[in-house]
Amino acid sequence: MKFQYSEKKVRLPEKVHDYAEKKVMKLARFFDDNAEALVVFSVEKNRNNVELTVKGSGTLFRASESTSDMFASIDAAVGTIEGQIRKNKTRLARRLRQDAFVRSVDETSFVPDEEEDDLKLVRMKQFYMRPMSREEAMMQMNLLNHNFFAFRDEDNGGAFAVVYKRNDGGYGLIEDIP
């Protein structure tokens, strides 16, 4: 597994990187050798934030955790991704490494998986997406009190796009490449 580290508003000692690498390597059994892990460390208002993104076999896993201790944030982020993998293990089995879910002899604790709920479509909407500017789409999203809004981006030749609210209070744009 390849590692990348990024630090925002903080300078951390090498032992934090080593600890993160050791913990994230526990996830390596689920991925091929060419998997990549990006660990972003930041500190805001006395909270230690860790954002962990693992990319392997064409699948992205992301977890963001915030605690009062950087080491605890690392543990929580790794635990969150491991939980995501376990929850979706039947769907991911074809994408991840073949023997990823085979129990090894050295595993001492085993928690039985909860009953897996199937992906179920519970509601469907159809509507006309008219071309509009990105600013108008953000305004529509806010007027509807939604977290995202799909539209045809007139600034990009009418291509499909989605604006969304980010956790940091800003806005994001997902756009189709024409």
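Here is a short report on the structure shown in this document. (Residues numbered from 1 in each chain as written. Predicted model: local features only at pLDDT ≥ 70, side-chain atom pairs only at ≥ 80, totals over all residues. Heavy atoms only, no water.)

## Remarks on the layout of surface pockets
Move 1: For the second largest pocket, the calculated volume is near 630 Å³.
Move 2: Glu51, Ser64, Arg166, Asn167 and Asp168 are, among the 15 residues lining the second largest pocket, the residues nearest its centre.
Move 3: Of all elements in the fold, only strand S2 (36–44), strand S3 (47–56), strand S4 (59–67) and strand S7 (159–165) reach the threshold of two or more residues within the lining of the second largest pocket.
Move 4: For the lining of the second largest pocket, a count of residues per class yields three nonpolar, four polar and eight charged. (1 Å grid on protein atoms, 1.4 Å probe; cavity = no way out; pocket = protein on both sides within 12 Å on 5 of 7 lines; lining within 4 Å. Points joined across faces, edges and corners; volume = space filled by probe spheres on them. Helix = DSSP H or I, 4+ residues; strand = E, 2+ residues; numbered from the N terminus. Nonpolar A, V, L, I, M, F, W, Y, C, P; charged D, E, K, R; others polar.)

## With respect to the sheet that holds S4
Move 1: Pairing is mixed across the open sheet formed by four strands, whose spatial order is S1-S2-S3-S4. Edge positions in the sheet fall to strand S1 (2–8) and S4, since each of these pairs with one other strand and no more. Going from strand to strand, the sheet's axes swing by 15 degrees on average, the running direction of each strand aside.
Move 2: Inspection of the sheet shows S1 paired to S2 by seven bridges, in the parallel sense. (Pairing = 2+ DSSP bridges. Axes fitted to C-alpha atoms, helices over the stretch in contact; angles between N-to-C directions.)

## Structural notes on the pairing of S3
Move 1: With seven of 10 residues buried, S3 lies mostly within the body of the structure.
Move 2: Across nine bridges, the pairing between S2 and S3 is antiparallel. Each bridged residue has a counterpart across the sheet, and for Val39 the counterpart in S3 is Leu52.
Move 3: Linking S2 back to S3 in an antiparallel pair, the connection comprises two residues, with Lys45 at a positive phi of about 50 degrees.
Move 4: Pairing of S3 with S4, which is carried by nine bridges, proceeds in the antiparallel orientation. Bridge pairing in S4 links Val54 to Phe61. (Buried < 20%, exposed > 50% of the residue type's maximum accessible area, 1.4 Å probe, protein only.)

## A few points about the pairing of S7
Move 1: In this sheet, S7 lies alongside strand S6 (residues 148–153) in antiparallel orientation, the contact comprising six bridges. Of the residues in S7, the one forming a bridge with Phe148 is Tyr164.
Move 2: Connecting S6 to the next strand, S7, in antiparallel fashion are five residues, including Gly157 with a positive phi near 70 degrees.
Move 3: As paired strands, S7 and strand S8 (residues 171–175) are joined by five bridges and run antiparallel to one another. Bridging from a neighbouring strand, Val163 pairs with Leu173 of S8.

## With respect to empty space enclosed by the protein
The method is simple in principle: a probe with the dimensions of a water molecule rolls over the atoms, and the space it marks as empty is what remains.
Move 1: All told, the structure shown has one cavity of 30 Å³ or more when counted by the stated rule.
Move 2: Quantified by volume, the largest cavity comes out at close to 30 Å³.
Move 3: Around the largest cavity sit Ala20, Val24, Val39, Val50, Leu52, Ile74, Ala77 and Val78, which together line it.
Move 4: Looking at the lining of the largest cavity element by element, the count peaks at three residues for helix H2 (residues 70–87).

## Quick notes on the environment of Thr59
Move 1: On the secondary structure map, Thr59 appears in strand S4.
Move 2: Exposure remark for Thr59: the relative accessible area of 10% places this residue in the buried category.

## Examining the pattern of salt bridges
Move 1: All told, the structure shown has eight salt bridges when counted by the stated rule.
Move 2: Notably, a salt bridge pairs Arg62 with Glu51, separated by 3.7 Å at the nearest N-O pair. Taken together, the positions of Arg62 in strand S4 and Glu51 in strand S3 put the pair 11 residues apart, joining distant regions of the chain.
Move 3: Relative accessible area serves as the criterion here: at 32%, Glu51 is assigned to the partly exposed category.
Move 4: Residues Arg134 and Asp153 are paired through a salt bridge, measuring 2.8 Å at the closest nitrogen-oxygen approach. Within this pair, whereas Arg134 is found in helix H4 (residues 134–144), its partner Asp153 is found in strand S6, the two being separated by 19 residues in sequence.
Move 5: Here Arg134 falls in the partly exposed class, since its relative accessible area comes to 26%.
Move 6: Accessibility expressed as a relative area gives 0% for Asp153, which makes it buried.
Move 7: Bridged by salt links that share partners, the residues Arg134, Asp153 and Glu175 form one connected network. (Salt bridge = Lys/Arg side-chain N within 4 Å of Asp/Glu carboxyl O.)

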